[in-house]
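Examination of the molecular architecture
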Amino acid sequence: MEEFDVCIVGSGAGGGMAAKTLTEAGAKVVLLEAGQDWDAVRDGAMLTWNYESPRRGKSTKDRPFGEFDACIGGWQIPGEPYTTTEGTTWDWWRARMLGGRTHHWGRISLRFGPDDFRRKSIDGKGDDWPITYDDLKPYYDRVDRMIGIFGNADGVYNEPDGIFLPPPKPRCYEQLIKQGAERAGVPVIASRLSILTQPLGGRPACHYCGQCNRGCSTRSNFSSQSVLLPPALETGNLTLVTNAMAREVLTNDKGLASGVSYVDTVTRKEYQVRAKVVVLAASACESARLLLNSVSHRFPNGLANSSDVVGRYLTDSTGGDAMGFFPQRVDQQAHNEDGVGGMHIYIPWWREKDRSLPFSRGYHIEVWGGRGMPGYGFGGGIHRINGKLQGGDRSRGGGGFGAQLKDDYRRTWGSFIGMSGRGEMIARYENRCSIDPDVVDQYGIPVLKFDVSWSDEELLQMKHFHETAHEIIHASGGEPVWDMPTAEDNWGITRPGQIIHEVGTTRMGNDARTSVLNANCQAHDVKNLFVADAGPFVSQAHKNPTWSILALSMRTSEYLIDEMKRGNLS
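Residues numbered from 1 in each chain as written. Predicted model: local features only at pLDDT ≥ 70, side-chain atom pairs only at ≥ 80, totals over all residues. Heavy atoms only, no water.

A few words on the pattern of salt bridges. Scanning the entire structure with this criterion turns up 39 salt bridges. Lys178 serves as the salt-bridge partner of Glu182, at 3.0 Å between the closest nitrogen and oxygen. Here Glu182 and its partner Lys178 are both found in helix α5 (residues 172-183), four residues apart, which amounts to about one turn of the helix. Through salt bridges that share partners, Glu80, Arg96, Glu286, Arg289 and Asp441 make up one connected network. (Salt bridge = Lys/Arg side-chain N within 4 Å of Asp/Glu carboxyl O. Helix = DSSP H or I, 4+ residues; strand = E, 2+ residues; numbered from the N terminus.)

Below, the structure is given as structure tokens:
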């Protein structure tokens with residue numbers, strides 16, 4: 001059987017970056033992807049109109065974010081269950097396609113700031129990272145230059161500037177929110193998205209069709225499949241194996257990783273690949289599952305788990321949403337509506353140094369709305385609003401049918417603007433995923449059981465978000481569509497896992513008794529085993545994790561190459 005230099009599990013942000021870095025350094029790499037082959041140019045539906053479908057773009061079982069959404073997967077995958085501890089909830093999004101979850105995100109590409117690596121030193125909660133922002137900054141810079149990101153150097157505290165392409169100007173509705181937020185004392189800056197506004201590396205600039213979530217056929221936005229895997233394949237050093245559901249990491253009589261066993265999801269047959277080094281990049285929870293299922297007489301508690309920390313300190317971003325109706329946008333002639341498939345403005349956490357708040361960590365606000373392509377359910381329910389319009393037969397209030405309803409849709413299109421809060425959850429030992437001993441998936445692999453709860457820290461943070469969002473809506477001349485949440489409904493916080501920012505199940509640290517990995521994302525217990533997804537995160541920050549996954553994966557991969565050359569991994 002052929003022995004590869006490295007076996008990577010997962011083709012998303014971390015796996016793609018590891019594949020590119022390792023193959024370009026000359027390593028022979030095999031990459032296992034649980035999902036099917038998929039290409040944005042060949043398989044995407046970027047320019048399909050919603051009205052071409054009888055569903056008008058409504059979500060399907062395979063595509064919960066719309067039938068033309070690029071990502072194949074969801075919170076529930078037939079034959080691949082997961083369980084939760086009684087009284088708790090967890091929503092686990094999984095992608096089953098080449099490129100993984102880089103087909104499912106808003107391209108919001110934020111660096112962690114210096115304070116995000118030393119939160120325990122600031123507020124005494126959680127832990128500090130074993131590395132600092134200065135350790136990761138050179139890799140953030142290289143990721144910026146390699147992939148491309150637009151933004152503006154605003155010098156906001158703990159929101160480090162990057163190597164930015166010019167940002168698009170705020171659209172009409174974003175100008176409205178920007179002015180209202182500034183009247184409420186909330187700063188607004190240009191957003192930071194990994195979408196090209198200038199050509200880069202043979203990829204053209206975005207043409208503003210606004211359909212980034214469908215897979216970009218010009219490869220102007222970032223996905224691992226479009227940007228990282230092609231150069232890795234061009235080296236001739238990468239072997240891709242799709243439809244390969246990893247079962248466990250194999251070990252030899254020295255206690256070193258020796259390869260990975262996987263189930264072919266089409267034939268249901270089991271195979272093994274042999275490798276000198278194994279890199280797990282299957283996503284934080286999938287990688288933890290793999291380690292916990294890799295049980296042997298030498299590793300009875302799972303591989304790399306002598307600390308009993310694998311699966312622990314699991315976090316997700318907090319989330320909350322608010323939406324307003326803006327009557328000044330009714331009947332307004334469309335102008336300045338074009339742009340990328342995401343926000344042009346961004347509200348960073350503006351009270352970083354304020355210690356008077358009843359919660360410890362911050363959040364940011366993402367703005368959405370405008371005149372995007374209408375589809376099923378757009379506008380969030382016109383029956384809530386069209387009773388406020390003047391003219392026609394309004395005797396029965398909102399809703400309606402026929403010509404008047406169609407006219408109402410045209411008049412109110414673009415008059416709804418929303419905001420989403422995304423905040424930091426404090427990592428706690430008791431929040432975890434573990435193996436459910438009573439349930440296996442359709443491939444016979446034991447599944448994960450989640451036990452995660454919010455604390456008052458997260459609930460009060462979202463209370464603050466909703467109060468702020470309502471203030472901004474009023475200051476912008478709008479009126480909230482949804483009621484202000486209350487303590488009885490947990491201040492409108494999303495369910496854990498729902499924001500799809502899970503991190504921290506294989507945390508890094510300097511002490512092998514309290515962490516799984518060292519500062520280079522190398523397992524304390526198994527020196528030729530690495531993790532290159534969000535599992536190594538010690539804390540989450542309120543920032544979307546993808547840019548940090550990419551930077552960490554590049555750093556880990558270069559360390560791995562150096563160690564291989566020195567003969568330190570065998």
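Pairs of aromatic rings are described using the distance from one ring centre to the other and the angle between the two planes. The full count for this structure, using the stated rule, is 24 aromatic pairs. When the ring of Trp349 is compared with that of Tyr363, the centres are 4.8 Å apart and the planes differ by 45°; the resulting orientation is tilted. Remark: Tyr363 occurs in strand β13 (residues 363-369) and Trp349 occurs in the loop between β12 (345-347) and β13; sequence separation between them is 14 residues. This pair shows no difference in class: Trp349 is buried, exactly as Tyr363 is. The interplanar angle of 85° and the centroid separation of 6.0 Å between the aromatic rings of Tyr363 and Phe465 together place this pair among those described as edge-to-face. (Phe/Tyr/Trp six-rings, centres within 6.5 Å; stacked < 30°, edge-to-face > 60°. Buried < 20%, exposed > 50% of the residue type's maximum accessible area, 1.4 Å probe, protein only.)

Each pocket or cavity is described by its volume, and for the second largest pocket that value is around 280 Å³. If you go around the second largest pocket, you meet 16 residues; those closest to its centre are Gln36, Ile72, Ile77, Glu80 and Arg96. Residue composition of the lining of the second largest pocket, by class: five nonpolar, seven polar and four charged. (1 Å grid on protein atoms, 1.4 Å probe; cavity = no way out; pocket = protein on both sides within 12 Å on 5 of 7 lines; lining within 4 Å. Points joined across faces, edges and corners; volume = space filled by probe spheres on them. Nonpolar A, V, L, I, M, F, W, Y, C, P; charged D, E, K, R; others polar.)

As a further point, take unusual backbone geometry. Most peptide bonds adopt trans geometry, and most residues besides glycine take a negative phi value. Even without a glycine there, the phi angle at Tyr208 is positive, about 65°. With respect to the helices and strands, Tyr208 occurs in the loop between β6 (189-190) and α6 (224-234). Even without being glycine, Ile500 reaches a positive phi, approximately 65°. You can see Ile500 is positioned in the loop between β17 (479-480) and β18 (529-531). For Ile500, a relative accessible area of 13% translates into the label buried.

Glancing now at the packing of helix α4 (residues 133-147) against helix α10 (residues 546-565). Each pair of packed helices can be summarised by the angle the axes make with each other and by the distance between the axes. One way to put it is that α4 packs onto α10 with a least axis distance of 9 Å and a crossing angle of 110°. When the interaxial angle is binned, α4 and α10 end up roughly perpendicular. Residues Asp135, Leu136, Tyr139, Tyr140, Arg142, Val143, Asp144, Met146 and Ile147 of α4 form the contact with α10, whose participating residues are Trp547, Ser548, Leu550, Ala551, Leu552, Met554, Arg555 and Glu558. The residue makeup of the contact of α4 with α10, split by class, is eleven nonpolar, one polar and five charged. (Axes fitted to C-alpha atoms, helices over the stretch in contact; angles between N-to-C directions. Parallel < 35°, antiparallel > 145°, perpendicular 65-115°, else oblique. Contact = heavy atoms within 4.5 Å.)

Now for the sheet that holds strand β11 (residues 318-325). The six strands lie next to each other as β6-β12-β13-β14-β11-β17, forming an open sheet whose pairing is antiparallel. Across the chains shown, the open sheet's two edge strands, defined by having one partner strand only, are β6 and β17. Both β12 and β13 contribute to a ladder of two bridges, which runs antiparallel. In the strand pairing of β13, Ile347 is matched with Ile365. (Pairing = 2+ DSSP bridges.)

A word on helix α8 (residues 402-412). Among all positions of α8, only Leu405, Asp408, Arg411 and Thr412 are buried. All buried residues of α8 lie within an arc of 120° about the axis, which places them on one face of the element. Exposed and oriented more than 90 degrees from the buried face of α8 are Ala403, Lys406 and Arg410. Looking at the buried side of α8, the elements it contacts are β14 (416-423). (Arc of directions from axis to C-beta.)

Leu32, Trp129, Leu280, Phe450, Leu529 and Leu550 are the most contacted members of the largest nonpolar core, which totals 112 residues. With residues up to four places along the chain from it excluded, the contact list for Leu550 reads Ala13, Met17, Val143, Ile147, Phe222 and Leu228. (Core = buried A, V, L, I, M, F, W, Y, C linked by side-chain atoms within 4.5 Å.)

Pairing within the open sheet is mixed, and its three strands lie in the order β4-β16-β15. Lying at the two open borders of the sheet, with one neighbouring strand each, are β4 (83-84) and β15 (432-440). In the sheet, β4 pairs with strand β16 (residues 446-451) via two bridges, with the strands oriented parallel. In the sheet register, Thr83 faces β16, and the bridge partner there is Lys449.

Quick look at helix α7 (residues 284-293) now. One full turn of an α-helix is made of 3.6 residues, so residues set three or four places apart face in the same direction. Most of α7 is tucked away, with ten of its ten residues classed as buried. Listed as buried for α7 are Ala284, Cys285, Glu286, Ser287, Ala288, Arg289, Leu290, Leu291, Leu292 and Asn293.

Okay, the pairing of β14 next. β14 sits mainly inside the fold: eight of its eight residues count as buried. Of the two faces of β14, the one lined by Phe416, Gly418, Ser420 and Arg422 and the one lined by Ile417, Met419, Gly421 and Gly423 are each fully buried. Sheet topology note: the β11/β14 ladder contains eight bridges and is antiparallel. Residue pairing in the sheet places Asp321 in a bridge with Ser420 of β14. Two strands pair when backbone bridges link them, and β13 and β14 are joined in this way by seven bridges, in the antiparallel orientation. Residue pairing in the sheet places Gly369 in a bridge with Ile417 of β14.

Keep in mind that these numbers describe shape and distance, not what the molecule does.
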